[in-house]
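# Overview (structure and organization)
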Amino acid sequence: GAVVSQHPSRVICKSGTSVKIECRSLDFQATTMFWYRQFPKQSLMLMATSNEGSKATYEQGVEKDKFLINHASLTLSTLTVTSAHPEDSSFYICSARTGPYEQYFGPGTRLTVT
Amino acid sequence: KQEVTQIPAALSVPEGENLVLNCSFTDSAIYNLQWFRQDPGKGLTSLLLIQSSQREQTSGRLNASLDKSSGRSTLYIAASQPGDSATYLCAAPGDSSYKLIFGSGTRLLVRP
């Protein structure tokens, strides 16, 4: 089946620094990837849709200048959290669309901002 | 705007019980509905995908049904086991077929 990886799985950074998270589709090409955020004991909230070769589409309330998304190839999308603050600490999950109605999810990245 | 609700929020049952998890959605013009499992600190595992033309899907001890007219889906777990303990999420397409809107999940604990 389709496999999606994320790197790193865990990251701890200091407040004010930037952190990059990678999402890769390992055995298929994905023109569309999605980034979700999940706070403890809460559900996944869609942050943005990442489209290969074009700008990402952000959901309402998500700061595009803070969460930079780059989808430079058909197998890689990156999410950069700029000037991270403790309130950005969360579980970030990406998914890749394999067909019209199917998505495969990565294992997630736990971000802790101290 | 699609909204997805799951009840109960948490459920604790003894091993061996059959149980039903509920999911409701507001926009019934959906192509499909998916059920996922999430273990603590982990990503999502897709359990079942029900197309809009289907009424139900089965995988092993899991059976998911879909009633578009009422905006409801149920996940039935037969003969529950401690290994079934996890959070179960349902997701329906949002304003486009490609976006998924997730429910808040049901945290299931199956006691030995």
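One can find the structure itself at the top, above this paragraph.
Attention here is on the structure that accompanies the text. Everything quoted here is computed from the prediction, not taken from an experiment.

## Looking at the side chain of Lys66(A)
All names here are of chain A. Residue position: Lys-66 is located in the loop between β6 (57-58) and β7 (67-73). Judged by its relative accessible area of 11%, Lys-66 is buried. If sequence neighbours within four positions are ignored, Lys-66 has contacts with Thr-80, Val-81, Thr-82, Ser-83, Ala-84, His-85 and Asp-88.

## Remarks on the state of the cysteines
What the rule picks out here adds up to 2 disulfides over all chains. A sulfur-sulfur separation of 2.0 Å characterises the disulfide bridge that pairs Cys23(A) with Cys94(A). Classification of the bridge connecting Cys23(A) and Cys94(A) rests on its S-S torsion, roughly 80°, and on that basis the disulfide is right-handed. Here Cys23(A), found in strand β3 (residues 19-25), pairs with Cys94(A), found in strand β9 (residues 90-97); they are 71 residues apart in sequence, far enough to count as distant. The residue that forms a disulfide with Cys23(B) is Cys90(B), at a sulfur-sulfur distance of 2.0 Å. With the S-S dihedral at roughly 75°, the linkage between Cys23(B) and Cys90(B) falls on the right-handed side. You can see Cys23(B) sitting in strand β3 (residues 19-25) and its partner Cys90(B) sitting in strand β9 (residues 86-93), a full 67 residues away along the chain. According to the relative accessible area criterion, Cys90(B) is buried, its value standing at 0%. Considering cysteine sulfurs only, Cys94(A) is the nearest to Cys13(A), which forms no disulfide, with 18 Å between them. Classification of Cys13(A) by relative accessible area gives buried; the value is 9%.

## Some remarks on the sheet that holds β7(A)
All names here are of chain A. Read from one edge of the open sheet, 4 strands run β1-β3-β8-β7, paired in antiparallel fashion. Edge positions in the sheet fall to β1 (4-7) and β7, since each of these pairs with one other strand and no more. Across the sheet, the mean angle separating the axes of adjacent strands is 15° when strand polarity is ignored.

## Details of the nonpolar core
Core analysis: the biggest nonpolar cluster contains 25 residues, and Trp35(A), Tyr58(A), Phe67(A), Ile69(A), Leu79(A), Tyr92(A) and Leu111(A) have the highest contact counts within it. Among the secondary structure elements, those contributing two or more residues to this core are β2 (10-13), β3, β4 (32-38), β5 (44-51), β7, β8 (76-81), β9 and β11 (109-113) of chain A.

## Points about the interface of chain B and chain A
Interface size is commonly expressed as the accessible surface area that is lost when the partners come together. Counting residues at the interface gives 19 residues for chain B and 20 residues for chain A. Across the chain B/chain A interface, buried area totals approximately 1,600 Å², and carbon plus sulfur atoms make up 57% of it. Summed over the shared surface of chain B and chain A, the number is 1 salt bridge. With its nearest N and O atoms 2.9 Å apart, the salt bridge here joins Lys99(B) to Glu59(A). Inspection of the region where chain B meets chain A yields 4 residue pairs in polar contact (both at pLDDT 80 or more). At the level of secondary structure, the elements contributing two or more residues to the side of chain B that touches chain A comprise β4 (32-38), β5 (44-51) and β10 (100-102) of chain B. Of the residues that constitute the side of chain B that touches chain A, the class distribution is 8 nonpolar, 8 polar and 3 charged.

Criteria and cut-off values
Every chain's residues receive numbers from 1 upward, in the order its sequence appears when written. As a convention, the first chain written is A and the first ligand written is 1, with the rest following in written order. Only residues with pLDDT of at least 70 get local features here, since the model is predicted, and only at 80 or more are side-chain atom pairs given and counted; chain-wide, interface and lining totals rely on the full set of residues. Heavy atoms from the whole structure form the basis of all side-chain values; hydrogens and water molecules are not counted. Per the convention used, a helix needs a DSSP run of H or I reaching at least four residues, while a strand needs a run of E reaching at least two, with both numbered from the N terminus. Using a 1.4 Å probe on the protein chains alone, a residue whose accessible area is under 20% of its type maximum counts as buried, one over 50% counts as exposed, and one in between counts as partly exposed. Any two residues having at least one pair of non-hydrogen atoms within 4.5 Å are treated as being in contact. Any pair of cysteine sulfurs within 2.5 Å is marked as a disulfide. What makes two strands pair is DSSP finding at least two bridges between them. In this analysis an axis means a line fitted to C-alpha atoms, helices contributing only their contacting stretch, and an angle means the value between N-to-C directions, from 0 to 180 degrees. Residue types Ala, Val, Leu, Ile, Met, Phe, Trp, Tyr and Cys, when buried and joined through side-chain atoms within 4.5 Å, form a set referred to as a nonpolar core. Here the buried area means the combined drop in accessible surface, using a 1.4 Å probe, for two parts upon being joined, counting both sides. By salt bridge we mean one thing: a side-chain nitrogen of Lys or Arg within 4 Å of a carboxyl oxygen of Asp or Glu. Nitrogen and oxygen atoms within 3.5 Å of one another constitute a polar contact, given that in protein one can donate a hydrogen and the other can accept it, and given that sequence-neighbouring residues count only through two side-chain atoms. Each residue is assigned to one class: nonpolar for Ala, Val, Leu, Ile, Met, Phe, Trp, Tyr, Cys and Pro, charged for Asp, Glu, Lys and Arg, and polar for all the others, Gly among them.

Distances and angles like these do not, on their own, reveal function.
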